[in-house]
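Residue-level listing of the chains:
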There are 2 protein chains.
Amino acid sequence: MATGRTHRPATRSRGIPEATVARLPLYLRALTGLSERSVPTVSSEELAAAAGVNSAKLRKDFSYLGSYGTRGVGYDVEYLVYQISRELGLTQDWPVVIVGIGNLGAALANYGGFASRGFRVAALIDADPAMAGKPVAGMPVQHTDDLEKIISENGVSIGVIATPAGAAQQVCDRLVAAGVTSILNFAPTVLSVPDGVDVRKVDLSIELQILAFHEQRKAGEEAAVAEAAASAAAVVPPVRAAGSGRKGPDGDMPAVMPA
Amino acid sequence: MATGRTHRPATRSRGIPEATVARLPLYLRALTGLSERSVPTVSSEELAAAAGVNSAKLRKDFSYLGSYGTRGVGYDVEYLVYQISRELGLTQDWPVVIVGIGNLGAALANYGGFASRGFRVAALIDADPAMAGKPVAGMPVQHTDDLEKIISENGVSIGVIATPAGAAQQVCDRLVAAGVTSILNFAPTVLSVPDGVDVRKVDLSIELQILAFHEQRKAGEEAAVAEAAASAAAVVPPVRAAGSGRKGPDGDMPAVMPA
DNA sequence: CCATCTTTGTGCACGCGTTCACAAAGACAT
DNA sequence: ATGTCTTTGTGAACGCGTGCACAAAGATGG
């Protein structure tokens, strides 16, 4: 993951570990739930359980923000909600544009989770002229031609890319050129961006493939060797260097690697 | 030419690092692109650039799978595609169910990336009776009542949860009870599952919040101290333990913690 | 057949993140 | 006020992941 950090000796040693930052939203969500149930305080143990993490990890995470707990009691829920929100920058308004209003883009536009926490969908943008003006999630889709104008007029610094893979890099370049410095990419492509621009990637296909790997291992633990042998016999793997044909004889490498 | 090729006997060390597994789909995607352009071989440097990673990291990743490269030349594209596919378990068919056919669920059902690599949407399931029978992505939505039957009849071991947060845990429990052992969760909730079940989480809101954190830092680097002071003065943070009122005097903690 | 050149595979060191374990801090009861 | 009990905050150890740097392997050219 590209963390694209511009190293700067910040005013204070603002070195909150990246792993901690990634968990803060998790804590915030758990705390919000407690807040709605008017729970006044919570211990690190309880909160850690709600967030699905280790309690020691949670305490260390909070220690990077400051000493917000009370020994013997726990953490004040409301106070902690405020502190984390402020640390994450959620006390301000973040206008966001979504580019690519296909199935996924429309789903994102309708997703309530955006508006819930400081994020506001400022515009929906699509390259298809037929989409222009069409309302999605109660908001007219605008054409890509106006991308730069929309970005600058709304002061957008966060962009969401939900286009097909082929268009993603081009859209990304235009977003960056127009002033966007944070991008959430749903397109299955590696985006290249200049320093100072953050990119986070959400890739459904990759997540599934990772699950498949573990699933295969789980299944293989029962009939490990037998299954591997059968599969190797059933599926014929491509012979080494079959296409090029300009290399040495293919006898130098067995067609089927030992499984 | 090969003299006596000393085949490494124990390539099957089951310990492929998790970080490596997470990158294999990335390599596979880059390799597929090369394969479609009929590129016969690729060096670690080139492939690493295409996948957006360090070349040394890529070589080390591949070394966990075995010695599939040729020194002085690089890696055979077709051969590597096969090896990674096999390692990820993509040479077999993975039936998948999607539970929760709202905006996101429908988008997932329509997403071509699923079918492209061994994954097949076996069923769409929703709790709303009005949805039952309605076609989404050319497939009739089925009711939650039949969840267990669908899982067992199709031999499904991977489930995708795209329901609202409130229903996620219940759906998860039923999936697991029915035999699902891998879950991709899009609902903004922490799922608790028994040992042996893998859960991966995709959370749009969290990704945005992480971006907001970095975005705030980038903005803060220009007018760091001034901004912090102004924001602290403008926004009044909740006084410590304001709601509970049963604790000590609130003077024991400053209303604004030092930033 | 030998020399040179390219590229892999990996030993090693380093830094980050996680976890344990415990002293210090504070609430609460007496 | 003093003691006990709960819970935080953190020092320290450990393990994993990353990146450097280089020797070995093999292709290529003379």
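Calculation notes
- Residues numbered from 1 in each chain as written.
- Chains lettered and ligands numbered in written order.
- Predicted model: local features only at pLDDT ≥ 70, side-chain atom pairs only at ≥ 80, totals over all residues.
- Heavy atoms only, no water.
- Pairing = 2+ DSSP bridges.
- Helix = DSSP H or I, 4+ residues; strand = E, 2+ residues; numbered from the N terminus.
- Axes fitted to C-alpha atoms, helices over the stretch in contact; angles between N-to-C directions.
- Contact = heavy atoms within 4.5 Å.
- Core = buried A, V, L, I, M, F, W, Y, C linked by side-chain atoms within 4.5 Å.
- Buried < 20%, exposed > 50% of the residue type's maximum accessible area, 1.4 Å probe, protein only.
- pLDDT = per-residue confidence, 0-100.
- Parallel < 35°, antiparallel > 145°, perpendicular 65-115°, else oblique.
- Near = heavy atom within 4 Å.
- Polar contact = N/O pair within 3.5 Å; in protein donor to acceptor, adjacent residues only side chain to side chain.
- Nonpolar A, V, L, I, M, F, W, Y, C, P; charged D, E, K, R; others polar.

> Even after reading the chapter, I still don't get the sheet that holds strand β5 (residues 119-126) of chain B, so can you show me in this structure?
Across a sheet, strands are paired by hydrogen bonds formed along the backbone, either parallel or antiparallel in direction. Residue and element names in this part refer to chain B. With parallel pairing, six strands are arranged side by side in an open sheet as β6-β5-β4-β7-β8-β9. Only two strands of the sheet have a single partner each, and these edge strands are β6 (141-143) and β9 (198-201). On average, each strand axis in the sheet is tilted by 25 degrees relative to the strand beside it, whichever way the strands run. By the bridge criterion, four bridges tie strand β7 (residues 158-161) to strand β8 (residues 182-185) in an arrangement that is parallel. The residue bridging Ile-161 from the neighbouring strand is Asn-185, located in β8.

> Explain the side chain of Glu215(B) to me, please; I cannot follow it from the model alone.
With respect to the helices, strands and loops of the structure, Glu215(B) is situated in helix α9 (residues 204-220). The residues touching Glu215(B), leaving out its near neighbours within four places in the chain, are Trp94(A), Ser157(A), Thr181(A) and Ser182(A).

> What exactly am I supposed to notice about the nonpolar core here?
In summary, soluble globular proteins display a tendency toward joint burial of nonpolar side chains. In terms of nonpolar packing, the biggest core is built from 106 residues, with Ile84(A) and Ile84(B) touching the most fellow members. Apart from the residues within four sequence positions on either side, Ile84(A) is in contact with Leu24(A), Tyr27(A), Leu28(A), Leu31(A), Phe62(A) and Leu65(A). Membership of the second largest hydrophobic core comes to 21 residues, among which are Ala122(A), Ile151(A), Val156(A) and Val199(A).

> Can you walk me through the pairing of strand β7 (residues 139-143) of chain A in this structure?
Regular strands show a simple pattern: their side chains alternate between the two faces of the sheet. All names here are of chain A. Pairing geometry for strand β5 (residues 119-126) and β7, over three bridges, is parallel. Each residue of the ladder has a partner; that of Ile-125, found in β7, is Gln-142. Bridge analysis of strand β6 (residues 135-136) against β7 gives two bridges, and the strand direction is antiparallel. Note that in β7 the partner of Val-136 across the bridge is Met-139. Linking two consecutive strands that pair antiparallel, namely β6 and β7, is a turn of two residues; a positive phi of about 55 degrees is found at Ala-137 within it.

> I'm lost on the confidence of the model for chain A in this one. Help?
All names here are of chain A. Confidence in the prediction of chain A, expressed as mean pLDDT, is 85, and 80% of residues score 70 or more. Note on residues 1-13: pLDDT is under 50 here. Beyond four places in sequence and across chains, it has 16 contacts. The low-confidence segment residues 224-235, where pLDDT is below 50, has three contacts with residues more than four positions distant or belonging to other chains.

> What exactly am I supposed to notice about the packing of helix α2 (residues 44-51) of chain B against helix α3 (residues 55-65) of chain B here?
What describes two packed helices is the angle between their axes and the distance between those same axes. All names here are of chain B. Their axes nearest at 8 Å, the elements α2 and α3 cross at an angle of 105 degrees. Relative to α3, the element α2 lies roughly perpendicular. Note on element contacts: α3 touches α2 through Ser-55, Leu-58, Arg-59 and Phe-62, opposite Ser-44, Glu-45, Leu-47 and Ala-48.

> Explain the protein's contact with DNA strand D here, please?
Within the structure, DNA strand D sits among 26 residues, and Ser44(A), Tyr75(A), Lys57(B), Lys60(B) and Arg71(B) are positioned closest to it. For DNA strand D, a phosphate oxygen lies 3.1 Å from a polar atom in the side chain of Lys57(B). If you list the elements that add at least two residues to the surface near DNA strand D, you get α3 (55-65), β2 (69-70) and β3 (74-76) of chain A together with α1 (18-36) and α3 of chain B. At four residues, α3(B) tops the list of elements feeding residues into the surface near DNA strand D. For the surface near DNA strand D, the residue count by class is seven nonpolar, nine polar and 10 charged.

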